[in-house]
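Observations on chain architecture
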Amino acid sequence: MRSRVTILDTAWRIVTHRYVALIFRLYIGGLFIYAAMYKINYAGEFAETIAGYRILPYWAINMTAIVMPWLELICGILLIIGVRPNAAVVFIIGMLFLFSTAIFVNLIRGTNIGCGCFQGPGSEMDWATLGRDLVWTAMAIHVYLYDSAFHLEQKFMMRVKDL
Amino acid sequence: MKEQPEQLQRILEEAERNRGRLDKKNFHMTSLLETSRELSGVNDLDKLIHTFLLSIMGTCSMGSGFILFCDRESKAYHAVYRGVADEKHFSWETADKLVFDCFNVSKERRITPFTVSTIVNMKPFSAIDFPFVPVTALFYVIESQALGVIALGNPLMENLFTEDEAALLATLTAGFIIHIRNARAVSTIERLNENLEIRNRELEQTIRELTEARKTISALEKFGETIRNIIRQKSERLSRASRYDFILILLFSLTIGILYNMNSPNGVTLVPPYVIRTDAKMISVAEAVSPEYGERSVIVDARPAEFYREEHIKSAVNMPPAIFDFIYLMKFSNLPVDTPIIIYGRNISKHYDEEVAYKFQMRAHKTVRILDGGVSAWKKSGYEVESDDS
């Protein structure tokens, strides 16, 4: 019983280790940078994808298509370099939550549209798409909770232990 | 019998002499007592010397007197004259030399504390042009570094200063040096007390300052701890995400997104252009089926094909904006421009009908209308819809 507790403790320590969070942070950051690159250059196409979800009002579609890829890119960069990573990952969690909700709503509606997560509309979304987004959301939450390694901003800010 | 008065006379004379000696002894004892009494309450060195000089001049019936006291340790001296017209002023070196010369001509061969010795030669006085000629002079030692000289002159009566007076003077001087020693001791005690008092005051001041300093240090430590806590809190707060971070990231994304979009060849307008440009009028289902339109009009479903396939108004032509040009070329190129065109198809995110209406207007069609309520209103009014999926 005791060894089981010890194994669970060790496993929990490994899972919540800051280097695991660092790996997740780099992965999520890179993913968002990659996802943003195409959409930034093809705002019209992305606007069509957003409209296909039938969630945002028509007057907000183009503005969202213009701003969201840049938000993804900036948050991805901030997350990777470790400058205001908490704020960046909160944005990313928010966006992933929105994407998951939008996918879920349209899966329930039975609308056959591409998810448009990376390049163009892509293949039609399914429940695996939603599962993938939920996994990414969990990774982002892990980053928010346990990440503390290699933050560039720590080089320029006084840390509590310095006091 | 004749011898008896002579014998009596001798006895009487003897008795008279004895009485005279006793009177003298009594006078000496009284002088000793008086001098001792006068000096006993005096602790000021100058006053002590003055008082003693006056006393011995009276006791020895001298018209002039001089007392010199030298403290070789502090190189200080007191020179007091009485009964002279022109007082000689000494320098320290002169006073010290006089004392040393007097020691040389005194009966003492070594300096012993609390000793008084008679000066047998008055040359040291005559050598310095002394203001009177001393009849008797004494050299006294209080301590090895505290010594002095007493000189008396100008006797008021001839042959009055006998050996008895000399002995009395020596005794008085011995008492005098005790008083000087006491006065010096009192002076030293007073000085020490004064120093002690000053030290006490300084100590009290130091204690006060230390107390103040401790209070200040305590306050500063408290202040420092507060500042440290504030910095710690600020630092911790800085490391957390704040609303300013969100606002900044959002504003930056917005700004750079709009700027990039303005300069991008693939940029889009901030709001869909048809929202601003189209002036197509809305018509109700009832109007759409009225004779004015009815059979004459063409119904266009502007939605994407997948929505069209799901459900559309019977006989409606599917014409999404993306393939408008192609469909127009295929089906509407020969359509008269005055044929009414009724367009429907919109959702919360996209007004396909307005976009297609705008495109028809651009091709000079005169009667372009948008069906109010789209397929839903059509169905609700009881008109037929169909699906291609079935």
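Values in this document were obtained by computation on a predicted structure and should not be read as measured data.

Details of the domain arrangement of chain B
- Per the domain assignment, the segments of chain B are domain 1 (3-190), domain 2 (241-270) and domain 3 (274-386).
- Distance from the C-alpha centre of domain 1 of chain B to the C-alpha centre of domain 3 of chain B: 149 Å.

Observations regarding the sheet that holds strand β10 (residues 341-344) of chain B
- As summarised here, the arrangement of the 5 strands in space is β6-β11-β10-β7-β9 (chain B), forming an open sheet in which the pairing is parallel. Each edge of the sheet is formed by a strand with only one pairing partner; in this case those strands are β6 (281-283) and β9 (317-318) of chain B.

Topic: the pattern of salt bridges
All names here are of chain A.
- Inspection of every chain in the model, using the stated rule, returns 23 salt bridges over all chains.
- Among the ionic pairs, R132 bridges to D133, the shortest N-O distance being 3.5 Å.
- Its relative accessible area of 2% is what places D133 among the buried residues.

Side note on the nonpolar core
- Within the largest apolar cluster, 28 residues are counted, with the highest numbers of intra-cluster contacts made by I28, C75, L79, I92 and M95 of chain A together with I249 of chain B.
- Those elements that provide at least two residues to this core are α2 (18-41), α3 (43-53), α4 (58-81), α5 (85-109) and α6 (127-146) of chain A.
- Setting aside residues no more than four positions away along its own chain, I92 of chain A makes contact with I28, F32, C75, G76, L79 and A140 of chain A.
- Counting residues in each nonpolar core, the second largest holds 27 residues, with I56, M57, I150 and L168 of chain B among its members.

With respect to the packing of α4 of chain A against helix α6 (residues 243-263) of chain B
- The N-to-C vectors of α4 of chain A and α6 of chain B enclose an angle of 125°; their axes lie 8 Å apart at closest approach. When the interaxial angle is binned, α4 of chain A and α6 of chain B end up oblique. Like other packed secondary-structure pairs, α4 of chain A and α6 of chain B cross with a definite hand, here right-handed. Seen from α4 of chain A, the contacting residues are M63, I66, V67, W70, L71, I74, C75 and L78 of chain A; seen from α6 of chain B, they are I249, L250, F252, S253, L254, I256, G257, I258, Y260 and N261 of chain B.
- Each residue belonging to the contact of α4 of chain A with α6 of chain B can be placed in one class, and the counts come to 15 nonpolar, 3 polar and no charged.

Calculation notes
Residues numbered from 1 in each chain as written. Chains lettered and ligands numbered in written order. Predicted model: local features only at pLDDT ≥ 70, side-chain atom pairs only at ≥ 80, totals over all residues. Heavy atoms only, no water. Domains from an automatic or database assignment. Pairing = 2+ DSSP bridges. Helix = DSSP H or I, 4+ residues; strand = E, 2+ residues; numbered from the N terminus. Salt bridge = Lys/Arg side-chain N within 4 Å of Asp/Glu carboxyl O. Buried < 20%, exposed > 50% of the residue type's maximum accessible area, 1.4 Å probe, protein only. Core = buried A, V, L, I, M, F, W, Y, C linked by side-chain atoms within 4.5 Å. Contact = heavy atoms within 4.5 Å. Axes fitted to C-alpha atoms, helices over the stretch in contact; angles between N-to-C directions. Parallel < 35°, antiparallel > 145°, perpendicular 65-115°, else oblique. Left-handed = near helix turned anticlockwise from the far one by under 90°. Nonpolar A, V, L, I, M, F, W, Y, C, P; charged D, E, K, R; others polar.

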